[in-house]
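Structure assessment
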Amino acid sequence: MKSIFWFRRDLRYFGNEALIEATKNGANMALFFVCEKQWRVEHGVAPIQIDLIKRRIDYLGQKLAQVGIELRIISVDMYADIPAKLDAFCKSYQVDYVYANTEYEINEVARDTACMSLGVKLRLFDGDVIAKPGSVLTKSQEMFKVFTPFKKAWLKLFEQTQFIVPSWPLDQQGKLTTVWCKPDSLIGDDSSCKWPVDDESLARIASRFVIEKCAKYHAERDIPGIKGTSGLSPYLAIGAISVKQLIAEVQCHFPDILQTPSKDEFTWINELIWREFYRHLIVAYPNLCKYRNFNSKYDTVVWNDNEELFSAWCRGDTGYPIVDAAMRQLNQTGWMHNRLRMIVASFLTKHLLIDWRKGERYFMEKLIDGDFASNSGGWQWAASTGCDAQPYFRIFNPVTQSKKFDPEGNFIRTYVPELADIPSKYIHFPHDYIASFSSSNYSPAIVEHKEARQRALDAFKV
């Protein structure tokens, strides 16, 4: 029987259990479908992330060629085009089984269902999560609707597990190599060039974070002016690294980490479990993939369809320095600090009362680490419409948040150069200070905090 491997958002050679199993069953060929129209038009994938994917695939093509596995690239417009292409490929090369890792979003599930309906024998693995969706349930066998009990149940399943990333199973001595020629469909715009894609660099980034920063992550993760986060989210988003690999790395240095959630080092693990939670949710509630509110009682909220305000938010011209700095960081780099994501999402949905779906889509179109489940879940959390979301009356004050997490205004000055010379005391809301300077070109505040807060409270109460 002949087998092949199908790469999706699991772009890793190291620790890819589905790929390893395929090679054990004789696979010497792998596939990847480039779906430019689906990515850009239907899913709004950021150009910088598409470039990262293409660079990573090129790297994988080279690595696989060294061990005798040929990576074939097939270009299609849409996911709907894949089943017929895959079926024809399997028949042409007499392929019996196609190994792959499951993708949980609704379009991807439909694509796989269509493949199987044509007779393609898919063998799917759950390589994007630790716990298979549907395996962490309440006593009444339902999906948890609150994160904390989900986490406790998740930990109960795995607290005694010592995760080990499987090694490549084949002896490479004497293995015939193949030739890798980068196809034109993998030529990108090089916008992601500041992010390395080789395994050695990724392993070094992960190890350095765990050794040097994981213990301080609890204290430093909310400060945008320092590098207190891991920087691994883009690689998780495309599957260049796995959650299992990262937890195994943490356990190498903190062996009892899953038994001691009170430790500071566990804070980062907690974020990885949130990622699992959002994936389990889109499987349990597929309507989330259709941009439906999880909490339907907020379907009646009347959103403010003001394109001028939305455009100002997108540009980073709201007159609230921490919001503007965050949005400009996103626009310039394709990444945004997690604390800032919460601040700007709260500002858009509560201060401007603009539909969370518009912000979610804008993030996906810009983020190098765009991930549908986490991005959609995070936006619904901020908008108070989601599962275990913040209550509607919790509305971040952007000035207070700025003073707390960027007290000297260092991050603001980096991305809002108009305020470079403003004293730290005034930089968080500089309008009174700069009122007398006619030469100032910083935007006035587009809403007043107290009025905007009350307007949001009224809208959500109704």
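Residues numbered from 1 in each chain as written. Predicted model: local features only at pLDDT ≥ 70, side-chain atom pairs only at ≥ 80, totals over all residues. Heavy atoms only, no water.

Going by what an unreviewed UniProt entry lists, the protein is known as Deoxyribodipyrimidine photo-lyase and is assigned to Pseudoalteromonas citrea DSM 8771. The UniProt entry for the protein carries this comment under Function (unreviewed entry): "Involved in repair of UV radiation-induced DNA damage. Catalyzes the light-dependent monomerization (300-600 nm) of cyclobutyl pyrimidine dimers (in cis-syn configuration), which are formed between adjacent bases on the same DNA strand upon exposure to ultraviolet radiation." Taken directly from UniProt, the Catalytic activity (unreviewed entry) text for the protein runs: "cyclobutadipyrimidine (in DNA) = 2 pyrimidine residues (in DNA)." (UniProt positions renumbered as here; feature names shortened; annotations may be inferred.)

Evaluation of the coordinates by the stated rule reveals 33 aromatic pairs. With 6.2 Å between their ring centres and 35 degrees between their planes, Y99 and F125 make a pair best called tilted. Here Y99 is found in strand β4 (residues 97-101), whereas its partner F125 is found in strand β5 (residues 122-125), with 26 residues between them in sequence. Its relative accessible area of 25% is what places F125 among the partly exposed residues. Plain terms: the ring middles of W303 and F460 are 6.0 Å apart, the flat faces sit at 80 degrees to each other, and that makes the pair edge-to-face. Here F460 lies in helix α20 (residues 449-461) and W303 lies in the loop between α11 (266-284) and α12 (307-315), a separation of 157 residues in the sequence. (Phe/Tyr/Trp six-rings, centres within 6.5 Å; stacked < 30°, edge-to-face > 60°. Helix = DSSP H or I, 4+ residues; strand = E, 2+ residues; numbered from the N terminus. Buried < 20%, exposed > 50% of the residue type's maximum accessible area, 1.4 Å probe, protein only.)

Strand order in this open sheet of 5 strands is β3-β2-β1-β4-β5, and the pairing throughout is parallel. Both edges of this open sheet fall to β3 (70-76) and β5, since each of them pairs with a single strand only. Between one strand and the next, the sheet's axes are offset by a mean angle of 25 degrees, whatever the strand orientation. As defined by bridge partners, strand β1 (residues 3-7) adjoins strand β2 (residues 29-35) across 3 bridges and the pair is classed as parallel. Its bridge partner being in β2, W6 is matched across the sheet by L31. On the sheet, helix α3 (residues 47-66) packs against β1, β2 and β3 and is oriented at approximately 150 degrees with respect to β3. Packed on one face of the sheet, helix α4 (residues 82-92) meets β1, β2, β3 and β4 and runs near 155 degrees to β2. (Pairing = 2+ DSSP bridges. Axes fitted to C-alpha atoms, helices over the stretch in contact; angles between N-to-C directions. Contact = heavy atoms within 4.5 Å.)

For the rest of this paragraph, the subject is unusual backbone geometry. Positioned with a positive phi, L353 is a non-glycine residue whose angle comes to about 55 degrees. Residue classification places L353 among the buried positions, given a relative accessible area of 7%. A positive phi angle, close to 55 degrees, is found at D388, a residue other than glycine. Mapping D388 onto the fold places it in the loop between α16 (372-383) and α17 (398-405).

All right, on to the nonpolar core then. Core analysis: the biggest nonpolar cluster contains 157 residues, and F7, F32, W154, W268 and W313 have the highest contact counts within it. If one sorts the elements of this core by residue count, α11 sits on top with 10 residues. (Core = buried A, V, L, I, M, F, W, Y, C linked by side-chain atoms within 4.5 Å.)

According to UniProt, the positions carrying the feature "domain: Photolyase/cryptochrome alpha/beta" (unreviewed entry) are residues 1-130. End C-alpha to end C-alpha, residues 1-130 measures 30 Å, and it is 45% helix and 22% strand.

Applying the stated criterion across every chain yields a total of 0 disulfides. Sulfur of C387: no disulfide; nearest cysteine sulfur belongs to C289 and is 14 Å away. With relative accessibility at 7%, the residue C387 sits in the buried group. (Disulfide = S-S within 2.5 Å.)

Viewed as axis vectors pointing N to C, helix α14 (residues 338-351) and α17 meet at an angle of 170 degrees, and their least axial separation amounts to 11 Å. Relative to α17, α14 is oriented roughly antiparallel. Facing α14, whose interface residues are R339, I343, F347 and H351, α17 presents P398, Q401 and F405. (Parallel < 35°, antiparallel > 145°, perpendicular 65-115°, else oblique.)

To continue, consider the pattern of salt bridges. Applying the stated criterion across every chain, the model contains 23 salt bridges. In this structure, D317 engages R315 in a salt bridge whose closest nitrogen and oxygen atoms are separated by 3.0 Å. On the basis of relative accessibility, which here comes to 44%, the residue R315 falls in the partly exposed class. As a salt-bridge pair, D317 and R328 come within 3.2 Å of each other at their nearest N and O atoms. Taken as a pair, D317 in the loop between α12 and α13 (321-333) and R328 in helix α13 lie far apart in primary sequence, 11 residues in all. Members of the salt-bridge network, linked through shared partners, are R8, E103, R111 and D112. (Salt bridge = Lys/Arg side-chain N within 4 Å of Asp/Glu carboxyl O.)

Moving on, we come to helix α15 (residues 356-366). Counting along an α-helix, one turn takes 3.6 residues, and residues three or four places apart therefore face a common direction. Among all positions of α15, only W356, G359, E360, Y362, F363 and M364 are buried. Summarising the contacts, the buried residues of α15 are in contact with α12, α13, α14 and α16.

Per the domain assignment, the segments making up the protein are domain 1 (3-127), domain 2 (129-165 + 199-284) and domain 3 (296-460). For domain 1 versus domain 2, the distance between C-alpha centres works out to 26 Å. Buried area between domain 1 and domain 2, summed over both chains or domains, comes out near 1,600 Å², and the portion from carbon and sulfur atoms is 56%. Broken down residue by residue, the surface that domain 1 buries against domain 2 is led by F14, Y104 and D126, which jointly contribute 34%. Counting the contacts that link domain 1 with domain 2 gives 2 salt bridges. In this structure, R56 engages D199 in a salt bridge whose closest nitrogen and oxygen atoms are separated by 2.9 Å. Applying the counting rule to domain 1 against domain 2 returns 7 residue pairs in polar contact (both at pLDDT 80 or more). The element contributing the most residues to the side of domain 1 that touches domain 2 is α3, with 6 residues. Its residues assigned to classes, the side of domain 1 that touches domain 2 shows 7 nonpolar, 3 polar and 8 charged. (Domains from an automatic or database assignment. Buried area = accessible area lost by both parts, 1.4 Å probe. Polar contact = N/O pair within 3.5 Å; in protein donor to acceptor, adjacent residues only side chain to side chain. Nonpolar A, V, L, I, M, F, W, Y, C, P; charged D, E, K, R; others polar.)

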